[in-house]
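# Structural characterization, general
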Amino acid sequence: HTLWNCGADIVMHCGDVKPGSERMTDCLYTKRRLMTSMCTGRRTTPDHTPPACKPDAAELCKEDAGDSSLQLICLRKLKDSVSEKCWEKLAKVGTHGWEVLPNTFKQMGVDSNCTVSLLKHCGYVNPGMGALRQCVFKKWEKLQHDCGLESKEAAEVVVPQCHADHGKLCKHVVEGDKRVHTCLRQFQDGQRNADGQTLS
């Protein structure tokens, strides 16, 4: 288990446990019936948006285009506006309550100091609808320090011409080690020429 695939479950179900000496691992096992499939399955990739939901996502979740994990959260938030066909598929996805966190958390065990920091700074939020993810980005500097990531991360500067696309296409990506540039390159064909020139 890692903080990436179990972070939301830890905050939701094991927030009163002090990480270390396998205590968090034991908590997750004890409460495994309550966990998302991301955590119980130790998954390393999120669910894709069901084909039946793509029209809904295109209309209702335009800001989350290109990121299925964010689209799923968006669609669940807008349950009353989602088509019945789409909601039937969403109800079968076992990751309800899970939130995508920075990929660097894939390197962090659930009994690590990083989990201690996550609970300290974001343990009060209610995961599942984007609140945990927003808290992580808001507290990123503190988490980065506590998780020992500062010295391993190369600084990344996103030029002004790309700020709009960063906020629209890659807002879930934390700056550093060229992660934003890598994300934007995925959309390069559809971006303005200025951005394409900047990223090339």
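You'll find the structure just up there.
Cut-offs used in this document
Chains are numbered independently. Their residues run from 1 in the order of the written sequence. In keeping with the model being predicted, local features are shown solely for residues with a pLDDT of at least 70 and side-chain atom pairs are shown and tallied solely at 80 or more, while totals for entire chains, interfaces and linings include all residues. Calculated side-chain values reflect all of the structure's heavy atoms, with hydrogen atoms and water omitted. Note on definitions: salt bridges are taken to be side-chain nitrogens of Lys or Arg within 4 Å of carboxyl oxygens of Asp or Glu. Buried means the residue's accessible area, taken with a 1.4 Å probe over protein chains only, is under 20% of the maximum for its type, while exposed means over 50%, and partly exposed covers the values in between. Between 30 and 60 degrees the pair is tilted, below 30 it is stacked and above 60 it is edge-to-face, where a pair is any two Phe, Tyr or Trp rings, Trp via its six-membered ring, whose centres lie within 6.5 Å. Helix and strand assignments follow DSSP, with helices taken as H or I runs no shorter than four residues and strands as E runs no shorter than two, numbered in order from the N terminus. The disulfide criterion used throughout: a pair of cysteine sulfur atoms within 2.5 Å. Fitted lines through C-alpha atoms serve as axes, helices being fitted only where they are in contact, and the angles separating the N-to-C directions of these axes extend from 0 to 180 degrees. Comment on the angle field: the value is read as roughly parallel under 35 degrees, roughly antiparallel over 145, roughly perpendicular from 65 to 115, and oblique elsewhere. Throughout, a contact is declared for two residues whenever any of their heavy atoms are within 4.5 Å. In this count, Pro and Cys sit with the nonpolar residues alongside Ala, Val, Leu, Ile, Met, Phe, Trp and Tyr, while Asp, Glu, Lys and Arg are called charged and the others, Gly among them, polar.

Attention now moves to the pattern of salt bridges. Applying the stated criterion across every chain, the model contains one salt bridge. One salt bridge in this structure joins R43 and D47, with 2.9 Å as the shortest N-O distance. Since its relative accessible area comes to 24%, R43 is described here as partly exposed.

Now for the packing of aromatic side chains. According to the stated counting rule, one finds two aromatic pairs in the structure shown. On the numbers, 5.1 Å between centres and 70° between planes, the contact of W4 with W98 is edge-to-face. Of this pair, W4 sits in helix α1 (residues 3-13) while W98 sits in the loop between α6 (84-90) and α7 (113-122), and the two are 94 residues apart along the sequence. Each member of the pair W4 and W98 is classed as buried. Between F105 and W140, the ring centres sit 5.9 Å apart and the planes meet at 40°, which makes this aromatic pair tilted.

Tallying each qualifying case throughout the model produces six disulfides. Covalent S-S linkage joins C14 and C27, the inter-sulfur distance amounting to 2.0 Å. Taking the torsion about the sulfur-sulfur bond, which here is approximately -95°, the covalent link between C14 and C27 counts as left-handed. Taken together, the residues C14 in the loop between α1 and α2 (23-30) and C27 in helix α2 connect sequence positions 13 residues apart. Per residue, the accessibility class of C14 equals that of C27, and both read buried.

A packed helix pair is summarised by two numbers, namely the angle formed by the two axes and the spacing between the axes. Packing of α1 against α2 brings their axes to within 11 Å, and their N-to-C directions diverge by 85°. Relative to α2, the element α1 lies roughly perpendicular. Between α1 and α2, the contacting residues are C6, D9, I10 and H13 on the first element and M24, C27 and L28 on the second. Here the contact of α1 with α2 is built from residues that sort into five nonpolar, one polar and one charged.

Our focus in this paragraph is the environment of V158. Along the chain, V158 turns up in the loop between α9 (140-146) and α10 (163-169). With relative accessibility at 9%, the residue V158 sits in the buried group. The spatial distance from the C-alpha of V158 to the C-alpha of G176 is 9.8 Å, given a sequence separation of 18 residues. Residue contacts for V158: discarding those within four places in its chain leaves H163, H166, E175 and V180.

The next thing to look at is the side chain of T115. Its place among the elements puts T115 in helix α7. Residue contacts for T115: discarding those within four places in its chain leaves L3, I10, P19, M24, G109 and V110.

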